[in-house]
Amino acid sequence: MTPFVVSLLVLTIASISYVAWVITVQRRLVRHLREVSDVTDAIVKGAVKGHINLPPSAHSDVRRVAESVNNLAEKASKDISEMRRLERVRSEFIGNVSHELRTPIFSVQGYLETLLDGAVDDPAVSRQFLEKAYSNALRLNTLLSDLIDISRIESGELRLSFRYFDMAELMRDVVHILELRAEQRNVSVIVDPQTPDSITVYGDKERLTQVLTNLIDNAIKYNVPGGTVTVGAVPEGKNVRCSITDTGIGIPEEHLSRIFERFYRVDKDRSRTVGGTGLGLAIVKHILEAHQAPVRVTSEAGKGTRVKFELKG
Ligand code: ADP
């Protein structure tokens, strides 16, 4: 073989090897790209999870594309889970609302039907049934206004209007308004003597009136005959510490973390008999959160409950 032929042979082998290498690299590239596109297609078709695993030998650009797709897939999967969770929460809430509304509506319907069926002619019975229908209508009204409040608060529609006002005066006013209800239950409500005559806080007066009303109302409702409710506000550094303390039935430890959930009640029957909607504390929590004033509860079953929160002074 002449040197020329040898060179030609070497050149040919080198060319063939080069072409073969190029083909292999191309094939691998195509295979990896196909893997990327398969996973992307699956995600587009609704697969919640998808992950591309390329070997380290894959082309760096393809690996970068795969990484972006993986990040996108992970984010999409998180978004979808959150959406499903919210849907679940919403349908659970609607289920609870329907259940809560059904009882008073059926009662009103039942009493009216009985009256129409003839009970209306018996004066003693008719008055009693009308009163029952009326009290269920009142209950519906309370339930609806709590529902409207909570949905306005949760949808962010409710805007707070902050200003300085006298918390001691507000406490005296709310106590005065609820005194009659407390008397009917043989419970006394007082403003803690440690509360200064005047103590300024910064907040939405109307919404904080609702907070105090709901908390004092609970302290009366879940109290015992002869019990006491003490409402107070004292300075705490630059803040004002507000507290509502009762000598009532208390809340067993295992329920404490859940009482601020919508419709959560320790004792369903008791809550219904005292006219509770199960929404009062959820409303309180939302309003106080909007004031950056986390609410704290300490309680002992059979002894009583204390609810505390700190407002800016
Ligand atoms: P409700 O309308 O049922 O009173 P809330 O949201 O105001 O609903 O309270 C949730 C539950 O927490 C009540 O049903 C009750 O079981 C419990 N609870 C709230 N406040 C007190 C309290 N001061 N003492 C004992 N239990 C309480």
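Residues numbered from 1 in each chain as written. Predicted model: local features only at pLDDT ≥ 70, side-chain atom pairs only at ≥ 80, totals over all residues. Heavy atoms only, no water.

Glancing now at the site of the ligand. In the vicinity of the ligand there are 20 residues, among which Tyr222, Ser271, Thr277, Gly278 and Leu281 approach most closely. At a separation of 3.0 Å, an oxygen atom of the ligand approaches a polar side-chain atom of Lys221. Backbone polar atom of Gly278 to an oxygen atom of the ligand: 2.8 Å apart, as the coordinates give it. Protein contacts shield 96% of the accessible area of the ligand, which totals 530 Å² for the unbound molecule. Taken together, the elements giving at least two residues each to the shell around the ligand come down to helix H5 (205-221) and helix H8 (280-290). No other element matches the three residues that H5 contributes to the shell around the ligand. Tallied by class, residues from the shell around the ligand come to eight nonpolar, eight polar and four charged. (Near = heavy atom within 4 Å. Polar contact = N/O pair within 3.5 Å; in protein donor to acceptor, adjacent residues only side chain to side chain. Areas by Shrake-Rupley, 256 points an atom, 1.4 Å probe, with all protein chains shown as cover. Helix = DSSP H or I, 4+ residues; strand = E, 2+ residues; numbered from the N terminus. Nonpolar A, V, L, I, M, F, W, Y, C, P; charged D, E, K, R; others polar.)

For Thr40, the location among the structural elements is in helix H1 (residues 3-44). When the C-alpha positions of Thr40 and Glu300 are compared, they lie 56 Å apart, and in sequence the two are 260 residues distant.

A cluster of nonpolar side chains, namely Met1, Phe4, Val5, Val6, Leu8, Leu9, Val10 and Ile13, defines an oily patch on the protein surface of about 820 Å² accessible area. Among the structural elements, Leu8 can be located in helix H1. (Patch = residues over 30% accessible without salt bridge, like charges linked within 9 Å, V, L, I, M, F, W, Y side chains within 5 Å. Salt bridge = Lys/Arg side-chain N within 4 Å of Asp/Glu carboxyl O.)

Taken domain by domain, the protein chain comprises domain 1 (3-80), domain 2 (89-155) and domain 3 (163-312). One C-alpha centre belongs to domain 1, the other to domain 2; they are set 66 Å apart. (Domains from an automatic or database assignment.)

Taking 1.5 Å of rise per residue, the 42 residues of H1 would be expected to cover 62 Å, and the 61 Å separating its terminal C-alpha atoms lies within 8% of that figure. Inspection of H1 places His32, Val36 and Val39 among the buried residues, and these make up the whole buried set. Check the buried side of H1 and you find it contacts helix H2 (60-116). One or two positions beyond H1, positive phi appears at Gly46, with a value near 115°. (Expected span 1.5 Å × (residues − 1). Buried < 20%, exposed > 50% of the residue type's maximum accessible area, 1.4 Å probe, protein only. Contact = heavy atoms within 4.5 Å.)

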